[in-house]
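Spelled out from the first residue to the last, the chains are:
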Amino acid sequence: MQEHRRAELEAKRARLAELKKAREDRQKAAAENIRRRESEAGPSSARRDVDALINELINNKNGDSPGERTPSSSPGTPATRGGILGPGSGRLSRASNASDQPSLTTTLIHPNGDHSQLQQERFVPDLIDVQQELFELPRKERVIYNKEVQTTEVATDPIVIPADNVVQQRISREQLEAETAAARDKELEAETVQLEKEIEEEIRELTEEERASIFIAPEFIDFLEQSSKIVQRALSDGYDYIRDYTIGADTGTDDSEGKRVKRVCAFWDERWCKNRSITDVDWSPKYSELSVASYNKNPAALNEPDGIVAVWNLHLLERPEFVFHSQSDVLSVCFSPFHSNLVFGGTYSGQILLWDTRSKHLPVLKTPLSAAGHTHPVYAMQMVGTQNAHNLITSSTDGMVCSWLVDMLAQPQETLELVHAGHNKTNEVSVTTLDFPDNETTTFFVGTEEGNVYQANRYDRAGAKAGLHQTDVYRGHAGPVMGIHFHPLIGSVDFSDYFLTCSVDWTVKLWRKSTANKPTNTAQSISYLYSFDEADDYVYDVKWHPSHPAVFGTVDGSGKFDLWNLNADTEVPVVSTPVGENRAINKLEWDRKDGRRAALGSSDGQLYIYDIGDMAIPRESEWTDLQRTIASIAGSPGVGNSDGDARVLAGR
């Protein structure tokens, strides 16, 4: 709207400038025509008038007027003034009274010398016959000078005098052109006045009511939101525009950020993040600069939504790129790997919400609050499948696992209730975390509140029914399992059977998936391969690195970000970095591009982005080194697999 009004105003101003310029051009052209006509007609008419007057005066003086000259004038006899003979001439008739009456062409001149009035009295003279010899004398050329021409006369083309009808046509045409030009000038003048009036109305000062109505208009708010984002992205750019490349680069390092780990930025907005904790984080699959974080309720803000989801941009540090609202605390969040505009969230009430970055703050789809879906908090979700066939898998603390189609959240496509007969009070398995191995869409693993890890199937398979494997129980943790993650399927060696878990018992454990093919009716307990006991607080999350086979990261309740490299050391992390103000770090997620950056969600609502630098780049020998490391990492005697492939591995 504003762009349209601005364009109209500019067009009116341009039209007004054109009209003013055209009017000036017409005025100049009219003045030029007048000067040209005066130069053409003025001098010739004035010259003719002066020539006629001078000729008349000279002829009257010299008596050369036609009809007054006598054909027989005596040679040598001086001509008399006005063609009248003097008193002693003897040529006048005796009966004539020449002395009493004026001559035929006598000029009466006033005493003051005024020639403007000429009086002539005509009468018939009394002539006599006189015989006289005629002498043919050449006429003397009379040279006349005037004030206009003092130079040699130059021969010019004869002036063609147009006919009367041509002159009349030209006069009529000129009059018509003058009338047309006058009418056009009048119209243009009226248009100019109208444009000036419209421009004055456009640029007039707005009243307070008009300003308030503009400020609350949705179009103005959207425009301000988008334009201010663009400006803030440019201002948040960390490039040093005044860098002097003639000066040596600073080679100093910041020891407070860890040896090879550097903090990139910290996202926090007082309006949305105050008194909230981050419950989950994820990275965009398409845009490497975008990350998403979910937040719980702000107890001090009763008018704000209970849960929010904020999408942050590395080029926009002051505020989130998008903010989505929820009526309940959002406990889990993830980008859709197949649709970059879609964001899924699991809530404390059990609802699954779908937001679209192309839409507003509210979800575009959500599941109903009914027994057909979840009725307990949803702490884990994951998208599995391919571009053309994929499902969203969610799990809640009541042991319910649901499979959803992205475009239909009215009811789940599949439901699976996880129960275990070995529980004392209830058969339900309270799921706190969930993960699928790479290239697997039916078999998944869940971590529970009692500290055990179970394998489950979505469908009935050969020798195994849908649901939990009742006989395989991965025991090792003494508290609720907070995170589980399988090794990514990368590199020349397949380590996708290995997975890591972390718990509130301050430990991180390395496991290997059971490879028993034959079903058995006897329960068996599967032990971990190795336990990492370096943490001194609850370990809230653990993630394998997406490109380096031997690297994984952990975050704990003391606010530390530990980076482990199994090929370098299995006892202590290679880098341990304090994050923020020693507040608990709840979630960890590596970026999907190259794994150089890690997003850390803090309990104080801040989202930290850290860069691990060259530690994310593996050597070619890392995979074979990890094989040797796992072969020698068994730990204490008695620790190993219970599936017949137990290996007594030498401790360090």
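Residues numbered from 1 in each chain as written. Predicted model: local features only at pLDDT ≥ 70, side-chain atom pairs only at ≥ 80, totals over all residues. Heavy atoms only, no water.

## A short note on the overall build of the protein
Filter applied, for reference: What counts as a helix is a DSSP run of H or I of at least four residues, what counts as a strand is a run of E of at least two, and both are numbered from the N terminus. Burial classes follow relative accessibility: with a 1.4 Å probe on protein chains only, a residue under 20% of its type's maximum area counts as buried, one over 50% as exposed, and anything between as partly exposed. Only heavy atoms enter the contact rule, under which two residues are in contact if any of them lie within 4.5 Å.
Counting its regular elements, the protein contains six helices and 29 strands. When the 652 residues of the protein are sorted by exposure, 39% land in the buried category. Put simply, 53% of the contacts in the protein that link residues at least 6 apart link residues at least 24 apart.

## Details of the sheet that holds strand 24 (residues 551–556)
Let me state the cut-off plainly: When DSSP finds at least two bridges between two strands, those strands are taken to pair. Axis definition: a line fitted to C-alpha atoms, over the contacting stretch in the case of helices. Angles run 0 to 180 degrees between N-to-C directions.
Within the open sheet, the four strands sit side by side as 23-24-25-26. Their pairing is antiparallel. Among the strands making up the open sheet, the edge pair consists of strand 23 (539–544) and strand 26 (575–578). Within the sheet, the average angular offset between the axes of one strand and its neighbour, ignoring direction, is 15°. With five bridges joining them, strand 23 and strand 24 adopt antiparallel strand pairing. Within strand 24, the position partnered with tryptophan 544 by the bridge is phenylalanine 552.

## Notes on the sheet that holds strand 17 (residues 467–474)
As summarised here, the arrangement of the five strands in space is 14-15-16-17-21, forming an open sheet in which the pairing is mixed. Only two strands of the sheet have a single neighbouring strand rather than two, namely strand 14 (431–435) and strand 21 (524–526). Along the sheet, successive strands turn relative to each other by an average axial angle of 40°, direction set aside. One ladder, built from four bridges, connects strand 14 with strand 15 (residues 443–448); its direction is antiparallel. In the sheet register, valine 431 faces strand 15, and the bridge partner there is threonine 448.

## Focus on unusual backbone geometry
For asparagine 439, which is not glycine, the phi torsion reads 60° and is therefore positive. For asparagine 439, the location among the structural elements is in the loop between strand 14 and strand 15. Taking the relative accessible area as the measure of exposure, asparagine 439 reaches 71% and is therefore exposed. Even without being glycine, tryptophan 506 reaches a positive phi, approximately 75°. Within the element layout of this structure, tryptophan 506 appears in the loop between strand 19 (498–503) and strand 20 (508–512).

## Observations regarding the packing of aromatic side chains
Definition in use: For Phe, Tyr and Trp, rings pair up if their centres lie within 6.5 Å, where Trp contributes its six-membered ring, and each pair is then called stacked (planes under 30 degrees apart), edge-to-face (over 60) or tilted (otherwise). Distance and angle both matter: a charge sits over a ring if NZ of Lys or CZ of Arg is within 6 Å of the ring centre and within 35 degrees of the ring normal.
Summed over the entire model, instances satisfying the criterion amount to 21 aromatic pairs. Members of the aromatic cluster, joined through ring pairs, are Phe445, Tyr474, Phe486, Phe499, Trp511 and Tyr528. The ring of tyrosine 528 has lysine 509 lying over it, and the distance from NZ or CZ to the ring centre is 4.2 Å.

## What to know about the pairing of strand 8 (residues 352–356)
With five of five residues buried, strand 8 is to be regarded as a mostly interior element. Side chains Ile352, Leu354 and Asp356 of strand 8 all project onto a buried face; the interleaved residues Leu353 and Trp355 project onto the opposite face, where all are buried too. Joining the antiparallel neighbours strand 7 (residues 342–347) and strand 8 is a turn of four residues, in which glycine 350 adopts a positive phi near 100°. Sheet topology note: the strand 8/strand 9 (residues 365–366) ladder contains two bridges and is antiparallel. When the bridges of strand 9 are listed, leucine 354 appears paired with leucine 365.

## Some points on the pairing of strand 17
Extensive coverage of strand 17 is indicated by the burial of seven of its eight residues. Where strand 17 meets strand 21, three bridges bridge the pair, whose relative direction is parallel. Counted as the bridge partner of valine 473 is serine 525 from strand 21.

## Examining the pattern of salt bridges
What counts is decided by this rule: By definition here, a salt bridge exists when the distance from a side-chain nitrogen of Lys or Arg to a carboxyl oxygen of Asp or Glu is within 4 Å.
In the structure shown here, the tally under the stated rule is 19 salt bridges. Between arginine 628 and aspartate 625 there is a salt bridge, with its nearest N and O atoms 2.2 Å apart. Within this pair, arginine 628 and its partner aspartate 625 are both found in helix 6 (residues 622–631), separated by three residues, close to a single helical turn. Taking the relative accessible area as the measure of exposure, aspartate 625 reaches 16% and is therefore buried. By sharing partners, the salt bridges in this structure join Arg619, Glu622, Asp625 and Arg628 into a single network.

## Considering the nonpolar core
We apply this condition: By nonpolar core is meant a set of buried Ala, Val, Leu, Ile, Met, Phe, Trp, Tyr and Cys residues that side-chain atoms within 4.5 Å join together.
Formed by 22 residues in total, the largest nonpolar core has its most connected members in Phe495, Leu500, Val508, Leu510, Phe532, Phe552 and Leu566. Among the elements of the structure, strand 19, strand 20, strand 22 (530–532), strand 23 and helix 6 are those that each provide at least two residues to this core. Setting aside anything within four residues of it in sequence, one finds phenylalanine 552 in contact with Leu500, Val508, Phe532, Val542, Lys543, Trp544, His545, Asp562, Leu563, Trp564 and Leu566. Membership of the second largest hydrophobic core comes to 18 residues, among which are Val551, Leu588, Tyr608 and Tyr610.

## A few points about the environment of isoleucine 612
Mapped onto the elements, isoleucine 612 comes out in the loop between strand 29 (607–611) and helix 6. The spatial distance from the C-alpha of isoleucine 612 to the C-alpha of glycine 595 is 8.5 Å, given a sequence separation of 17 residues. Not counting the four nearest positions on each side in its chain, isoleucine 612 is found in contact with Arg260, Val261, His545, Phe561, Leu563, Trp590, Gly595 and Arg596.

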